[in-house]
Amino acid sequence: MKFDGDSMSSIVEDVSVDWRGRPCKAQKHGGMTSAVFVLGLQAFEMMAIAAVGNNLITYVLNEMHFSLSKSANIVTNFIGTVFLLSLVGGFLSDSYLGSFWTMLIFGFVELFGFILLSIQAHLPQLRPPHCDMASDGDNCLEAKGYEALIFFLALHLVALGSGCLKPNIISLGADQFRKEDSNQSKKLATYFNIAYFAFCMGELIALTLLVWVQTHSGMDVGFGVSAAAMVMGMISLISGTLLYMNKPTRGSIFTPIAQVFVAAMTKRKQICPSNVQMLHVSQNNVPNQILATSANVNNLLHTEKFRFLDKACIKIQDGEKESPWRLCSVTQVEQVKIIISVIPIFACTIIFNTILAQLQTFSVQQGSTMNTQIMKGFKIPPASLQSIPYIMLIFVVPLYETVFVPIARKITGKDSGITPLQRVGIGLFVATFSMVAAALVEKKRRISALHSNETVCIFWIAPQFLIFGLSEMFTAVGLIEFFYKQSLEGMRSFLTAVTYCSYSFGFYLSSILVSLVNRITSTSSHSGWLSDNDLNKDRLDLFYWMLAALSLLNFCNYLFWSSYYSYNPSLLPVSPDDQYHEQDQARETSKYMDECSRV
C-alpha cells in the first residue's frame, strides 16, 4: 500500500495495516504485546553487535596486527559506519519497504557478516601469522590482501545490517501504540524506557558472558555466539508478524522536502501574506470533517519561524492547479521547518558520542595495563569493564520509570515526566564528569607505572563508565523520543535514523581528533600524545582533559539551542477534552479557508 510522494502534505488520517496490507484491528494488532517481539530483537541484536564492537580492538590489534592508533580508528570507523548506515535503513523503510520488511532483509545481512567473521577467526590461513604485538609488535605482519579483504567485507556486512535495523527497531516498536489513545500515549513513553532496558540487558550479557567466551574460548567461538544471538533475535521478530501494526510506505521522503525548497526559491520575490490563513493548506480536496490536530492526522499548524519557506505556500494561479514543485501545503512546509530546527539539537550530541568512542577503545586498552585479577584464578577481561554501567542501569532504568516519572508527571503534567530536551541536557552535562574521572585515573595509573612500578587495580576506571552510563540513559533515550515525536507519519524511521547519525559523527570525530592530536603534539624529539602502542609513553590523560573541556563547551552550546527551539503546536500532546475543542476549531478554519478560496 503506497501513496504518492506529495502525500506527506495531505491532511489525511493514517491507517495502519497488517503484514498483508489489510487495515489493522484494535483488538488484535498493536500494543505492548506486539512490541515485546520487537524488544526481543532489540536485546539479541544488541547482544550480538556489542560483543563484536566492544572487544573488536583486541581482535584487530592482536590478530590482524594493526597498530594501536590504527586499531582504534578501525573500531571507531566501524561503529560510526553502523550508525551512518541507519540513514539507509530509515529511508528504505519510510519510502519503499516498511519497517518490518527492512528489518527482515537486513537482519539476515548482519547474520551473514557474523558468520564470515567467525570463519576467518577460526581458520589460521585467513589471518596473518601469530605474533605477540605487546613484545614484538614491530616485527608482526599486518593483515593485507585477501586477509584484509575478508575482514573488512565481514565488518561492512555487519555494519550494513545493524545500521539498517537500528532505526526500524525503535520505530516499529513505537508504531504499535496509537497516539490518539491517551492511555497508549503514556505507554509510548514507557516503551522508550523499556527499549533502553532491553538495550542495557543485551549490552550487559555481551560485555560479561560473550566477552568472557571470546577471551577464554577464542574469538571464533565468540563471533559464533554473536551469530547465534542474531538468529534468536530474528526468530523473535518473525514470531510477532501476525500482530504488528505496520505503517504504509509513501514513496520517496525526499521529494516533498525538495519541493518546498524549489517552490520557495521559485517564489522568492513574492511577499508572504500577513494573514497566514491565506496560505495554501493542501494539494488535495479533503473533506472538512477529517481535519484535526490529533496525533494520528498529518496536519501541522503554521509557525512563524523560517518565514522564507512560507513562500512555497503562496498560490499565484487562481483557478488553476499548480505543480507540486511550485505550490506546497502548510503541513509540508512545517515538516521541513521541523527538520531544520532539530539540526542544532542533533549536532550538540556529537561530542557526547565522541566520549563514548573513548570508552570503547582507549579505556579498554587502559584497563589492559592494569591489574585485572579480582580473585585467585579469575581475571576480568578489560572489555567487560563496559558492563559496569549496564549493571547499574538495569536497576536504575526501572526505578526511573516507576519512581521518578510518576512523581515528575504529577509536577509537570507531562507523560514522560520531563521533556525530551530536558532529558538530553541532563545527560550532556553529566557526560563531562566522565572524562574528568578518566583523566584523573589515567594520571594516577601512569604515575604508578612509571615512578613506583606498580599496577593499579582495574576497578579504578569504573567511575568513568558509571558516570557515562548514567548520562547515556538521559541523552540517548531523550534524543530518540524527541525526534520520534517531532516527525509526521511516513518520516519517523528516517528521523529516528538521524539520531543514530550522532553516534556515527561522534565516532568519526574521535578518529579525526586522534589524528589531529598526534600531528599537533608530535615534535622531532618526541612523538604525539597517542602515537605509541605503549600507554605509559602516551599522554592519554591530557587527551581526556581536552575532551572534558569540549564537552563542557558543548553543553553550553546546547543550552542556547534548546532554549531557542519551539515545538509545533500540532505535535504537542492534548487531553481528550481539548482534542474535541481543537477539532471544532480546525473545522471552522477549514470552512473559512474554503470561503477565501472561492473569493
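Everything numeric in this text was worked out from a predicted model, so none of it was measured.

What follows is about the overall build of the chain. Within the chain, the regular secondary structure consists of 19 helices and two strands. Across the 599 residues in the chain, those meeting the buried criterion constitute 57%. A separation of at least 24 residues holds for 84% of the contacts in the chain among residues at least 6 apart in sequence. Within the structure as shown, the chain displays about 25000 Å² of accessible surface, and the carbon and sulfur contribution to it stands at 63%.

What follows covers the nonpolar core. Counting residues in each nonpolar core, the largest one holds 148 residues, and the members touching the most others are Leu-56, Phe-78, Phe-151, Tyr-191, Phe-192 and Phe-543. The residues touching Tyr-191, leaving out its near neighbours within four places in the chain, are Ala-35, Val-38, Leu-39, Ile-169, Ile-170, Gly-173, Ala-174 and Phe-177.

Turning to the packing of helix H10 (residues 254–266) against helix H11 (residues 330–347), a few remarks are in order. Two elements in contact, H10 and H11, have axes whose closest approach is 9 Å; the angle formed by their N-to-C orientations is 95°. Here H10 lies roughly perpendicular to H11, going by the angle between them. Together, Pro-256, Ile-257, Gln-259, Val-260 and Phe-261 of H10 and Gln-332, Val-333, Val-336, Ile-339 and Ile-340 of H11 make up the contact between the two elements. In terms of residue class, the contact of H10 with H11 is made up of eight nonpolar, two polar and no charged.

Here the focus is the packing of helix H3 (residues 68–84) against helix H4 (residues 86–97). The geometry of a pair of packed helices is captured by two quantities: the angle between their axes and the separation between those axes. Relative to each other, H3 and H4 sit at 15°, their axes nearing to 4 Å. In terms of orientation, H3 lies roughly parallel with respect to H4. Seen from H3, the contacting residues are Val-82, Phe-83 and Leu-84; seen from H4, they are Ser-86, Leu-87 and Val-88. Residue classes in the contact of H3 with H4 are distributed as five nonpolar, one polar and no charged.

Take H4 next. The terminal C-alpha atoms of H4 lie 14 Å apart, and with 12 residues this falls more than 12% below the ideal 16 Å at 1.5 Å per residue. Looking at H4, one finds that the buried residues are Ser-86, Gly-89, Gly-90, Phe-91, Ser-93, Asp-94 and Ser-95.

With 83% of its residues at a pLDDT of 70 or more, the chain has an overall mean of 79. This model gives residues 283–297 a pLDDT under 50, and the stretch forms 37 contacts once residues within four places in sequence are excluded. Scored below 50 in pLDDT, residues 575–599 makes 23 contacts in the model with residues more than four places away or belonging to other chains.

Moving on, we come to unusual backbone geometry. With phi around 50°, Phe-306 is a residue other than glycine that occupies positive phi space. Structurally, the position occupied by Phe-306 is in the loop between H10 and H11.

Moving on to the pattern of salt bridges. Counted by the stated rule, this structure contains seven salt bridges. For Arg-127, the salt bridge identified is with Glu-63, shortest N-O distance 3.4 Å. Of the two residues, Arg-127 sits in the loop between helix H5 (99–122) and helix H6 (133–136) while Glu-63 sits in the loop between helix H2 (56–62) and H3, which places them 64 residues apart along the sequence. Residue class for Arg-127 comes out buried when judged on its relative accessible area of 16%. Here the salt bridges do not stand alone but share partners, grouping Arg-307, Asp-310, Glu-334 and Lys-337 into one network.

Moving on, we get to helix H9 (residues 219–239). Between the first and last C-alpha of H9 there are 30 Å, a value that for 21 residues agrees with the 30 Å anticipated at 1.5 Å per step. When we look at burial in H9, the residues that qualify are Met-219, Asp-220, Gly-222, Phe-223, Ser-226, Ala-227, Ala-229, Met-230, Gly-233, Met-234, Ser-236 and Leu-237.

All right, on to a nonpolar patch on the surface then. Together, Trp-19, Tyr-96, Leu-97, Trp-101, Ile-105 and Leu-242 line one region of the surface with nonpolar side chains, adding up to about 570 Å² of accessible area. Breaking the nonpolar patch down by element, the ones donating at least two residues are H4 and H5. Examined against the element boundaries, Leu-242 turns out to sit in the loop between H9 and H10.

With that out of the way, let us pick up the side chain of Arg-127. Looking at Arg-127, its side chain comes within polar contact range of the side chain of Glu-63, at 3.4 Å. Those residues in contact with Arg-127 that lie beyond four places of it in its chain are Tyr-59, Glu-63, Met-64, Gln-120, Ala-121, His-122 and Glu-147.

Criteria and cut-off values
Residues numbered from 1 in each chain as written. Predicted model: local features only at pLDDT ≥ 70, side-chain atom pairs only at ≥ 80, totals over all residues. Heavy atoms only, no water. Helix = DSSP H or I, 4+ residues; strand = E, 2+ residues; numbered from the N terminus. Buried < 20%, exposed > 50% of the residue type's maximum accessible area, 1.4 Å probe, protein only. Contact = heavy atoms within 4.5 Å. Areas by Shrake-Rupley, 256 points an atom, 1.4 Å probe, with all protein chains shown as cover. Core = buried A, V, L, I, M, F, W, Y, C linked by side-chain atoms within 4.5 Å. Axes fitted to C-alpha atoms, helices over the stretch in contact; angles between N-to-C directions. Parallel < 35°, antiparallel > 145°, perpendicular 65-115°, else oblique. Nonpolar A, V, L, I, M, F, W, Y, C, P; charged D, E, K, R; others polar. Expected span 1.5 Å × (residues − 1). pLDDT = per-residue confidence, 0-100. Salt bridge = Lys/Arg side-chain N within 4 Å of Asp/Glu carboxyl O. Patch = residues over 30% accessible without salt bridge, like charges linked within 9 Å, V, L, I, M, F, W, Y side chains within 5 Å. Polar contact = N/O pair within 3.5 Å; in protein donor to acceptor, adjacent residues only side chain to side chain.

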